[in-house]
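Breakdown of the fold
Here's the letter readout for the chains.
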Amino acid sequence: MDRMAERDAMDLVLYHGREGFVHHMQKVCDFMLQQGGEHPVFRLWRGFALASQGRVTEAIRDYTTATGRREVQIAVFTAHIAALKSQRQIDQDTIDDIETKLMVEEKSATPGAWLQCAAIHWMLGDHIKARDTCQKALDGQQTDSYINPQSLLGWINLSSKRSAFVEKSITNFEKAIDSSQDGIPNHVDAHLGKIAFLDHKRNWSAAIQVVNELIASAPSNDLLNIVNIEKAKILIKKGQWGMAAETAQRLLNKEPTNIQALMIINLYLLVEECRYSVAANSVRELWKALEIGEPKTHTLYAMISRTIARMSGGSTQILHTTQMLMNKACDLQPKSAEYISEKAFQLSLAGEWSRALEAYRQALQVDDGNLGALHGIIRSQLMLGKLDEAEQQLEFLNQMQISERPAELCYLTAVMRWRKHRNQAASIESIDEAVAIHAKQCTSGSASYAFYEQFNPQLLLAIIREYLQHCPTEPLSPTDPPSTIASKTRKPLELLVKHVKGSLEGQLLLARIDFIENDLEKAQISINSCIRTDPTFAEAHLLAAQIAYHQENYNQAQQALEQSMTEFEVRDWPQYNLLKARVANAVGKHEDALKDLEHALALTKQMVQGKRYRPLNVQDHVSIYLELAEVQVKLKNYSVAEETITEALSIFRGTPEEGRVVIAQAMIVCKKDVEKGLSMLRSVTTESPYFLKAKAHMANIYLNVRNNKRAFAKCYEELVEAFPTVGSYLFLGEAYMSIQEPEKAIATFEKARAMDPNDAEMSSKIGMAFVTTHDYQKAIQYYKNAVKAEPKKLALRHDLANLYWKLGSYSDAEEELKTSLIRKEKDRSNSDDLHTSMDDVRTLLLLAKVYKSSGDLKKCSEALIQARVCQNTVIQKVRGEQPELEQQQRRLGANICVELGEHYRRQKMPEKAVVFHNEALKQDDTHSRSMLALAQMYSDKGDLDGCEHQANSLLKVDPANEEASMMLADIMFRRNNYEDATFHFQQLLEKKPGNYGALVQFIQLLKRAGRLYEAPPFFTAAEKHARRSEPGLHYAKGLYFRYTNNPREALRHFHKGRSPRDSRWSEKCTCQMIEIYLNPGSEAQWSTEGEGEEQTDMTENITWAQSLLKDVKNKEKKKILEAYVLVAKRKTNDLEKALAMFYDIMTSSESDQSQKPATEIINVPCIVGMATVLQMMKQTPKARNHLKRVAKAPYNQDEADEFERAWLLLADIHIAGGKYDLAQDLLRKCLQANKSCCRAWEYMGLIYEKEQTYRDASDCYENSWRLVNESDPGVGYKLAFNYLKAKRYVNAIDVTQKVLATHPTYPKIRKEILEKARASLKP
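Criteria and cut-off values
- Residues numbered from 1 in each chain as written.
- Predicted model: local features only at pLDDT ≥ 70, side-chain atom pairs only at ≥ 80, totals over all residues.
- Heavy atoms only, no water.
- Axes fitted to C-alpha atoms, helices over the stretch in contact; angles between N-to-C directions.
- Helix = DSSP H or I, 4+ residues; strand = E, 2+ residues; numbered from the N terminus.
- Parallel < 35°, antiparallel > 145°, perpendicular 65-115°, else oblique.
- Contact = heavy atoms within 4.5 Å.
- Nonpolar A, V, L, I, M, F, W, Y, C, P; charged D, E, K, R; others polar.
- Patch = residues over 30% accessible without salt bridge, like charges linked within 9 Å, V, L, I, M, F, W, Y side chains within 5 Å.
- Areas by Shrake-Rupley, 256 points an atom, 1.4 Å probe, with all protein chains shown as cover.
- Salt bridge = Lys/Arg side-chain N within 4 Å of Asp/Glu carboxyl O.
- Lys, Arg positive; Asp, Glu negative; His and termini not counted.
- Charge placed at Lys NZ, Arg CZ, Asp CG, Glu CD.
- pLDDT = per-residue confidence, 0-100.
- 1 Å grid on protein atoms, 1.4 Å probe; cavity = no way out; pocket = protein on both sides within 12 Å on 5 of 7 lines; lining within 4 Å.
- Points joined across faces, edges and corners; volume = space filled by probe spheres on them.

1. Concerning the packing of helix H5 (residues 73–85) against helix H7 (residues 111–123)
Look at H5 against H7: their axes get within 7 Å of each other, and the N-to-C directions meet at 20°. Taken together, the axes of H5 and H7 lie roughly parallel to each other. In this structure, H5 contributes Ile74, Ala75, Thr78 and Ala79 to the contact, and H7 contributes Ala113, Trp114, Gln116, Cys117, Ile120 and His121. Considered class by class, the residues forming the contact of H5 with H7 number seven nonpolar, three polar and no charged.

Okay, structure coming up:
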């Protein structure tokens, strides 16, 4: 502690006294007594600090020492009397004697003495005496070197409960701040008072400003530390938890045992982050600091223990430490019923209900009127199944507290009404009351230890879970009754998450409400966040399993169920067994499902009988019976199923769930007797919440079983008669739509709209009904009228724009959306709220879609960029206003960035594309589309490590992602790890034989690896699982036969793959057929000489190709193929036309670029086409210049065939010019990309042949001959010739005979090779 002035020391004493740190107060006094000798003022306050710690004898010694000093005499007597009265055995004679002396001394007391006495009264909690005494000091009009009278009066007024005095306090503090003594400001305590006043008025920005001013002028480090502590507290109340934690951590770096800094760090960990394992260590550090800094202050131990226990989230590690703190408080004050009751409460939080009950009874022995103990006894008895005993106690307490019942008592009443009496309505009424009382108690509070002790998240969670007893447990279907309980539950949950942002249990329960309200995506986002924070959170895994089950992702549901068993007791939860049974039932494991359901039913019976307690929702209870009956039906145990349903009816008869059981019974009966089942469904009355569901089942039976559309519609007509609501008319309208009666649907929707004119969704449904009738002009006119009548209904404008877009009226769609944006811009001055920004994003995204379809890519990118800016604004607003939506909005932001990334990727600007895809991952680190796109781009530029990293990251997020798996297999192929890659694809195709996309990619990888001979077994496996002619399978086989130089078989399979015409494979098959017709042998189209090759008449092929072109929908691809048709004719006029077409396509695509890229972007297919034509027209230099551009361009896997053709043509030109080294470089590049490129091997052989190294040439030709499946006579001729030159006569004869077997009239080969080889073999 630094040397300090008396006023500064007194400020510290008063501060520590206000905060309850009485040992710190004693240490300041000790320091001042050691520093400056005997100070009667500090001797007085040392005695007060000792007395506050229960060390009364030592305190009296200090009071005796200070007696006789006029400046503190009356304060000493006042404090002495208070110390004597705090003793168990009160010495009344001594007290009377001191009181007499006090009356005498008061007549001659100095203003300074009155001030010290006022401070003592205030510290003792007597505000009236404190104020009166302080006023006497002010009347003396003298200054004091220890306490500023205005500052003290300000504190007295501020801490009183009367608002008039509180408002006066700021005047007192301002006067104190303005006063001075010898030119030195006396302001620290007054500034702290002003900060406290501004805190009370919730003007935290002004408070921070005062704090910063005080930090700049703090006279000592000790005062600076307490000012920084106050700053951290204000920052917490402002919601700036991170800055508060940083401030506290800086203090801890200087003073590791600073109790208040540790308290702030603990609050940050428990409220903002809910990192219970880290918080457990921090709480232990706080305990150690308390043992050092405040070893005897029981009030501090109790306060910290109470607050942290309520914020512990049930963590056993934290609760162990808080129990130790509470034990210390009990040791210091063994007769405190309040402390013993709190000790019992913490035992209950740890689930030790029997020990808690015993401790509560001990508290009542000390104080039989302790309400906390009485409430605790009732709750313990409820949890232990002692319902009768608990009910007696509860009735007594409810009679005692009729007017002002605490929230906990209302909660206990709700539990009793449901658990014992099954009175749902009365139970919900009590829960409503508990929520209202709790909310009222916490409305005016702000974040602090005192607030969170009163807020008590554990109690609020218990109340919320009691609500959930009466909530649906499955996503609401349109025919389910609306759940008011879900909306009621959301309110306290949002209150909990607002004040305890990091509460995992709160986030889980909010996710459950989202799940119930059928917002599965939002629920999934929340639950993933919970699991990432705590992978052992069993209930989070259970909800994840439920979501996966409802999404029919049963493998993922099974994995989540297995992960939920990190808590062993989960297997004894009925909800777990019910869900496990549902998953087993869904995958056909009915016997397993039966065992799980029987176990779940046994557990529910134990709970109902009170033998064990775990909240069991009534709908889950019903679901166990119904699911059990369903499984029994599947196992053909019909009589047992009927017994199960009968038992359920007996249990739930007279409850709202009776209708649900009757519906289930009817559906079982319908399997034998449809009419009887319908009769049972008719028995569900209009009073039942399941009346609508019963009618829906009846309608379904009429439509699907009896094929009676009239009766189907009549069910919904009867529903409208019984309940003429908007919802009923909506169901009737949709029923008419489902049986293709849109006119009736429109009339019905119009009636619903008349009942609720503000329902924009209804207007949208009417518009969609008009679209269904194909009366598009009428639909457009309806939407226009609706927009005109309701110009602020953005959904209607979007529907109209969407309709224009679908009809190809892009300019009309653009105009409608721009009008919407202009209107929003005008309204922005009046409303710049979150929903306005979100509407802007939706409008801009739709506008970008319109621009993309119209081909205006520049405007498309501009709209997407603008949408990205707006979405960033939305995310910032959501963070402050609706933090539960932040993850969902971040995902939308990521989607926008991905769209931009894909846009720039299509524009061949990979650098920009990478930037936006990385930004998408910053918004959402689990965004699979961006990971996949990045992996593909890394693959395209040959960065296999980057590609592998992204693919592995994607598989961690989505283990079932097939594209990532195929990408990893591609990497294995490219690294020559063929066995692992093949096995990888084999595993993938075994799991899903119908995954023809994977099969096609596998064929392409085998081609690039030069291992196409491995493909046939995979075709055989796929054919076994194909139920009919599969276009995807025919496309894959067509590719295989084309790559192996069997054009006839390839054409046959591609032709089969074209049907049906709307499949994803149809156009691909058509394009492949056109290419084969134009170049059947995959020959060098640019070649003008036939070296011993048979000349083929291409007229018929060209005719077929032209007839197929009409089925090509891709405009650019169609134009390129049309140009190649002209090339195939080989006439000068046609070649010139083809050259012009290629040039036009290339220039139009370059003009579509929205921005000029940093590197040259070229249209590879067009340049290759132009070079081919130029070469055929004998304009080799021009062709070479074009091809050099391609050779320098970055390789793109999507244009692999075009790059290959370019490299081969340029290599051919270099060979003709004698530049063999340049040609070989290009051919090696070609073989690196595609080891099955027979033409590359052929050209390599030609180079060696020209160099007269015939053995090397024959090796190259041999590879080419193998890759063309020994079917190309030209390659066979060259191979045989080089065998002959290399004196491999036998090999030459074998090849020659194979060529002649398929092409008997092939010129020259018999005479020039076969006969010479035979002659060379003769001796």
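Read on, since the account is not over.
2. Brief notes about a negative patch on the surface
Side chains of Asp91, Asp93, Asp96 and Glu99 sit close together on the surface and give a patch of like negative charge. Residue position: Asp93 is located in helix H6 (residues 92–106).

3. Overview of the confidence of the model for the protein chain
This prediction gives the protein chain a mean pLDDT of 85; 93% of its residues lie at or above 70. For the protein chain, per-element mean pLDDT is lowest for strand S2 (residues 184–185), which scores 46, and highest for helix H17 (residues 298–310), which scores 95. Below a pLDDT of 50 lies the segment residues 608–613, which in the model reaches 13 contacts outside its immediate sequence neighbourhood of four places, other chains included. In this model, residues 1089–1095 is a region of pLDDT below 50 whose contacts with residues beyond four sequence positions or in other chains number nine contacts.

4. Regarding the pattern of salt bridges
Considering all chains together, one arrives at 61 salt bridges under this definition. Between Lys101 and Asp97 there is a salt bridge, and its shortest N-O distance comes to 3.7 Å. With Lys101 and Asp97 both in helix H6 and four residues apart, this pair spans about one turn of that helix. The network of salt bridges with common partners includes Asp30, Glu38, Arg43, Arg46 and Asp62.

5. Thoughts on a nonpolar patch on the surface
Taken together, the side chains of Leu371, Phe396 and Met400 define a hydrophobic patch exposed on the protein surface, amounting to about 280 Å² of accessible area. Along the chain, the position of Leu371 falls in helix H21 (residues 371–383).

6. Details of the packing of helix H19 (residues 337–349) against helix H20 (residues 353–366)
In contact at an axis separation of 8 Å, H19 and H20 are set at 170° when each is read in the N-to-C sense. The orientation of H19 relative to H20 falls into the category roughly antiparallel. Here Ala337, Ile340, Ser341, Ala344, Phe345, Leu347 and Ser348 of H19 lie close against H20, whose contacting residues are Trp353, Arg355, Ala356, Ala359, Tyr360, Gln362, Ala363 and Val366. Classifying every residue of the contact of H19 with H20 gives eleven nonpolar, three polar and one charged.

7. Topic: empty space enclosed by the protein
The final tally for this structure, using the stated rule, is five cavities of 30 Å³ or more. Within this model, the largest cavity holds a volume of roughly 390 Å³. Together, 22 residues line the largest cavity, and Thr473, Arg512, Glu539, Gln575 and Asp620 are the ones closest to its centre. Breaking the lining of the largest cavity down by element, the ones donating at least two residues are helix H26 (457–468), helix H28 (504–516), helix H30 (538–550) and helix H32 (574–586). Of the residues forming the lining of the largest cavity, the biggest block, five residues, is contributed by H32.

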